Amino acid sequence: MPGTPPLTSESSPVDRPPGPRGSLGPTLRFQYTPLRFLAGMLDEYGDIFSVELLGMPIIVLNHPIFVDHVLKRQHYNYERSGPAVEMAREMFGRGVGTAARPEWLWQRRLLQPIFHRQRIAEFTEIMSSAIQTTLHRWDRTASSGATIDVGAEMTDLSLRIVLRTLFDLHPADAKLRALTDAFTVATKELASFMRFPVLPLSAPTPGHRRFRRALDALDSITHEMIRQQETARGSHRSLLSRLMDARDSETGDRMSVHQLRDEILTMLFAGHETSANTLTWVWYLLGCYPEVEERLRAEIDAVVGERQPLIADLPRLVYTRQVIQETLRLYSPAWQNYRQALQDDVIGGYRIPAGTTVFWSYYFIHRHESYWPDPELFDPGRFSAAHGARVDPPGYYPFGAGPRLCMGNTFAMAEMQLTIAMILQRYRLIATSSRHIAPVALITLHPHRPITVHLERCRS
Ligand code: HEM
């Protein structure tokens, strides 16, 4: 690969990569406009720089070789720990996404079978039925001529999918509204806290009190779900029942109630916000690139026609997959990641002392010019057979990489392919405004304003 930077240098490693001075200025710019701040720093300092955020030294990596080093080649030396994980644990406890080794390995082993391809096949019927519910609701909206907020619709849909597939909660279940309301409040308040963590969550500010109340509600709902599942043993095959039945293959241990609560909240978060964001960006990009949408429609017509798409169709919806892959390249919902070095290391010729946080942003990694020519262009053809058709080409990490690769990647791809196919079979989504929409980097990557569309029915 041209321009590949060395991981180590011939001479002895230099102590610290260059970077801006001071802590307050960079902290404020990072917290309020992270993408703009990082873009400026990367222009100025290149593939690796150091910065102090809230007084903590952080090394920012912007070359896929460095990310590969941390996530794959030296993964055992980089732990998902540090201040950001501590903050996320306030809500998710020690669920699989926030746990560290060795308990993480145990959790991962317990959860892995739930996401086996065969299980995903069982879930696709539920996914299709949830998408049908959305389409029926849209039929009424379309006949009234009203507009819809695509982001809100995709969030509602992906939340219903995850609640039904993984937890067997139906729309009529009274717990569902209480759960989604409390979850929305808690994640919003956690995001505000993580953005500017000056006062601890124990400080009784109005926002922190809202967070605590929402967490109390989530605790009581998840405990009720666990109790109900205990009495309904054997009748359901939801994720929760599987989690409760799962035993560690080596020790035979089961998960505690507390652990189950952490895994439920982790799966709820990891399993809906990311897919909802990706789908929202898909609809935005299709509005900007009508020729891509026409090709997509032609593929769906040829492969599925007017019948309901089945799991067996998904591998043949090749262009649909490419559209999703390219959307994930440009707008990776998990836009940032970090690890903490356990032992001293060297990256790019710079010393990384034990305890250092290394950070990178997929938003920029996926735009690295030595891997992605004309990086701002939305071109699903980058993932075509002519370009190797790899699911994980070099420099591409929407689902992460290495041992902590996203557990729900196959689930998410199936859900997104089905959603796109079923919506395009029935509707054209006509953007109500052609204004450019910029991404805003919160916990995940959101559009800076709602994306609204009119629905135009294409089939009865
Ligand atoms: C477009 C959709 C999705 C994207 C872009 C995405 C992205 C990611 C990324 C980047 C990571 C790695 C984090 C790291 O390296 O620290 C991750 C982890 C994870 N994801 Fe996803 N995800 C998606 C959907 C899902 C779904 C649908 C589920 C579950 C139903 C899920 C469950 C998880 C879990 C449990 C982890 C933690 C794995 C671990 O730490 O071992 N994700 N995801």
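Higher on the page you've got the structure.
Parameters at a glance
Residues numbered from 1 in each chain as written. Predicted model: local features only at pLDDT ≥ 70, side-chain atom pairs only at ≥ 80, totals over all residues. Heavy atoms only, no water. Helix = DSSP H or I, 4+ residues; strand = E, 2+ residues; numbered from the N terminus. Contact = heavy atoms within 4.5 Å. Pairing = 2+ DSSP bridges. Axes fitted to C-alpha atoms, helices over the stretch in contact; angles between N-to-C directions. Core = buried A, V, L, I, M, F, W, Y, C linked by side-chain atoms within 4.5 Å. Buried < 20%, exposed > 50% of the residue type's maximum accessible area, 1.4 Å probe, protein only. Donors = N, O, S within 2.8 Å, 3.2 Å for Na, K, Ca; no water. Expected span 1.5 Å × (residues − 1). Patch = residues over 30% accessible without salt bridge, like charges linked within 9 Å, V, L, I, M, F, W, Y side chains within 5 Å. Areas by Shrake-Rupley, 256 points an atom, 1.4 Å probe, with all protein chains shown as cover. Salt bridge = Lys/Arg side-chain N within 4 Å of Asp/Glu carboxyl O. Near = heavy atom within 4 Å. Polar contact = N/O pair within 3.5 Å; in protein donor to acceptor, adjacent residues only side chain to side chain. Nonpolar A, V, L, I, M, F, W, Y, C, P; charged D, E, K, R; others polar. 1 Å grid on protein atoms, 1.4 Å probe; cavity = no way out; pocket = protein on both sides within 12 Å on 5 of 7 lines; lining within 4 Å. Points joined across faces, edges and corners; volume = space filled by probe spheres on them.

**A word on the side chain of R404**
And step 1. Tracing the sequence through the fold places R404 in the loop between α14 (362–365) and α15 (409–426).
And step 2. Excluding anything up to four places from it in sequence, R404 contacts E79, R80, V96, G97, T98, A99, A100, W104, R108 and R339.

**Here's the deal with the sheet that holds strand β8 (residues 357–361)**
And step 1. Read from one edge of the open sheet, five strands run β1-β2-β8-β5-β3, paired in mixed fashion. The open sheet has two edge strands, β1 (48–53) and β3 (78–79), and neither has a second partner.
And step 2. Across four bridges, the pairing between strand β2 (residues 56–61) and β8 is parallel. Each bridged residue has a counterpart across the sheet, and for I58 the counterpart in β8 is T357.
And step 3. Each of β1, β5 (336–341) and β8 touches helix α1 (residues 24–32); the most contacted strand, β1, lies at about 95° to it.

**Description of the nonpolar core**
And step 1. Within the largest apolar cluster, 119 residues are counted, with the highest numbers of intra-cluster contacts made by F167 and W283.
And step 2. For this core, the element with the most residues is helix α11 (residues 257–288), which contributes 14 residues.
And step 3. Filtering out sequence-adjacent residues up to four positions away, F167 remains in contact with V162, M225, S238, L239, L240, I264, M267 and L268.
And step 4. If you look at the next biggest cluster of nonpolar residues, it comprises 18 residues, including L61, L71, V358 and A401.

**Examining the coordination of the iron atom of the ligand**
And step 1. Coordination of the iron atom of the ligand by the protein involves just one donor, C406 (SG), at a distance of 2.3 Å.
And step 2. Within the element layout of this structure, C406 appears in the loop between α14 and α15.

**Re the pairing of β1**
And step 1. With respect to burial, β1 is a largely interior element, five of its six residues being buried.
And step 2. Sheet topology note: the β1/β2 ladder contains six bridges and is antiparallel. By the bridge assignment for β2, F49 is matched with V60.
And step 3. Hairpin connection of β1 to β2: two residues between the antiparallel strands, including L54 at a positive phi of 50°.

**Notes on helix α9 (residues 206–231)**
A turn of α-helix holds 3.6 residues, and therefore any two residues three or four places apart point the same way.
And step 1. Compared with an ideal rise of 1.5 Å per residue, which puts 26 residues at 38 Å, α9 spans 38 Å between its outermost C-alpha atoms and is within 8% of the ideal.
And step 2. Among the residues of α9, those classed as buried are G207, H208, F211, A214, L215, L218, I221, T222, M225, I226 and Q229.
And step 3. Close packing links the buried residues of α9 with α4 (83–92), α7 (150–167), α8 (174–195), α10 (239–245) and α11.

**Some details on a nonpolar patch on the surface**
And step 1. Judged by side-chain polarity, L24, L28, Y32, L54, F196, V198 and L199 come together as a nonpolar surface patch covering roughly 670 Å² of accessible area.
And step 2. In this structure, L24 sits in helix α1.
And step 3. Residue class for L24 comes out exposed when judged on its relative accessible area of 63%.

**With respect to the environment of S238**
And step 1. Tracing the backbone through its elements, the reader meets S238 in the loop between α9 and α10.
And step 2. Counting along the chain gives 82 residues from S238 to D156, while the straight-line C-alpha distance between them is 20 Å.
And step 3. Dropping the residues within four chain positions of it, S238 is found in contact with T165, L166, F167, D168 and Q229.

**With respect to the site of the ligand**
And step 1. Neighbouring the ligand are 28 residues; W104, R108, R339, R404 and C406 lie closest to it.
And step 2. Between an oxygen atom of the ligand and a side-chain N or O atom of R108, the distance comes to 2.7 Å.
And step 3. Contact between the ligand and R339: an oxygen atom at 3.0 Å from a side-chain N or O atom of the residue.
And step 4. Mapped onto the shell around the ligand, the elements with two or more residues apiece are α5 (103–111), α11, β5 and α15.
And step 5. Broken down by element, the residue count for the shell around the ligand peaks at six residues, all from α11.
And step 6. For the shell around the ligand, the per-class residue count stands at 16 nonpolar, eight polar and four charged.

**Describing empty space enclosed by the protein**
And step 1. Inspection of every chain in the model, using the stated rule, returns two cavities of 30 Å³ or more.
And step 2. For the largest cavity, the full set of lining residues is V70, L71, H75, Y78, E79, R80, R101, W104, R339, A401, P403 and R404.
And step 3. Secondary structure elements with two or more residues in the lining of the largest cavity: α3 (64–73) and β3.
And step 4. Here the lining of the largest cavity is built from residues that sort into six nonpolar, one polar and five charged.
And step 5. The calculated volume of the second largest cavity comes to roughly 30 Å³.
And step 6. L38, L42, V60, L61, N62, S361 and F364 together form the lining of the second largest cavity.
And step 7. Looking at the lining of the second largest cavity, the elements with two or more residues in it are α2 (34–45) and β2.
And step 8. Along the lines of polarity and charge, the residues of the lining of the second largest cavity split into five nonpolar, two polar and no charged.

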